[in-house]
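The residues making up each chain are set out below.
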Amino acid sequence: MKKCFIIGASRCGSLYHGIETGEDDLVIAADGGYIRCMEAGIKPDMAVGDWDSAGNPPHDCLFVQLPVEKDDTDTLAAIKLGIEKGFDEFHIFFGTGGRPDHTIANMQCLVFLSKKGKRGYLYDEKEIITAITNSSITFSAAAKGSISVFSADGTAYGVTETGLKYSLDNAVVTSDFPIGVSNSFAGVQSNITVENGTLYIIFPKGEFPL
């Protein structure tokens, strides 16, 4: 599947950890993310922003000028552009750390993607965050480390976790009780399903769902 890479302005994390880019993929710098790209020697295909972080729009790639006063964040605007261009899988780098409000906003972008039937991955320093809505996610038997599951949007019904150290069977998971924190992979293929609702899944950078 072709991928859309969104590069934010935070300094937390690293680019393209453990994944490969292809010629059909799209790299979009979200405002100050253009600076992160330049530091890494990567030329984005496009840049989107109001340029409050980058200072000025780039001159060596296509760019979209956004108004300073707007409802969408620069990252969400970049995601919507990627959706318009037909992408279903989004990898967001440099979108955590720094200001907590920006981290939460980017986590909400994962829910936005999930509810549209897309999949987003938000890369932190050592972990990846994704969101699933009325669906499931599967990890291989080789996966190692900790995995956590949280309700992302109120109450999640029909939550089932199999193949992990601690299991759930058709459980109700709420946003005010962290029952899904600090589970572990157990050396067998694992699966997390939610029948009705949205979950955040947090897992180590060295692993990736099937």
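In this text the structure is predicted, and so the values were computed from the model without any measurement.

1. Quick word on the sheet that holds strand β10 (residues 155-162)
Thinking step 1. Ordered by their spatial adjacency, four strands build an open sheet running β8-β13-β10-β11, and the pairing between neighbours is antiparallel. At either end of the open sheet lies a strand with only one pairing partner, and these are β8 (136-139) and β11 (168-174). This sheet shows a mean twist of 20° between the axes of neighbouring strands, independent of strand direction.
Thinking step 2. Across five bridges, β10 lies against strand β13 (residues 190-196) in antiparallel orientation. Looking at β13, one finds that glutamate 161 is bridged to isoleucine 192.

2. Let's talk about the sheet that holds strand β14 (residues 198-204)
Thinking step 1. Strand order in this open sheet of ten strands is β4-β3-β2-β1-β5-β6-β7-β14-β9-β12, and the pairing throughout is mixed. Two strands lie at the open edges of the sheet, namely β4 (62-65) and β12 (183-184), each paired on one side alone.
Thinking step 2. Note that strand β2 (residues 26-30) and strand β3 (residues 46-49) share three bridges and pair parallel. Directly across from isoleucine 28, in β3, lies its bridge partner methionine 46.
Thinking step 3. Contacts from helix α2 (residues 74-84) reach β1 (3-7), β2, β3, β4 and β5 (89-93), with the element oriented near 135° to β3.

Cut-offs and rules
Residues numbered from 1 in each chain as written. Predicted model: local features only at pLDDT ≥ 70, side-chain atom pairs only at ≥ 80, totals over all residues. Heavy atoms only, no water. Pairing = 2+ DSSP bridges. Helix = DSSP H or I, 4+ residues; strand = E, 2+ residues; numbered from the N terminus. Axes fitted to C-alpha atoms, helices over the stretch in contact; angles between N-to-C directions. Contact = heavy atoms within 4.5 Å.

Just distances and angles here, no functional claims.
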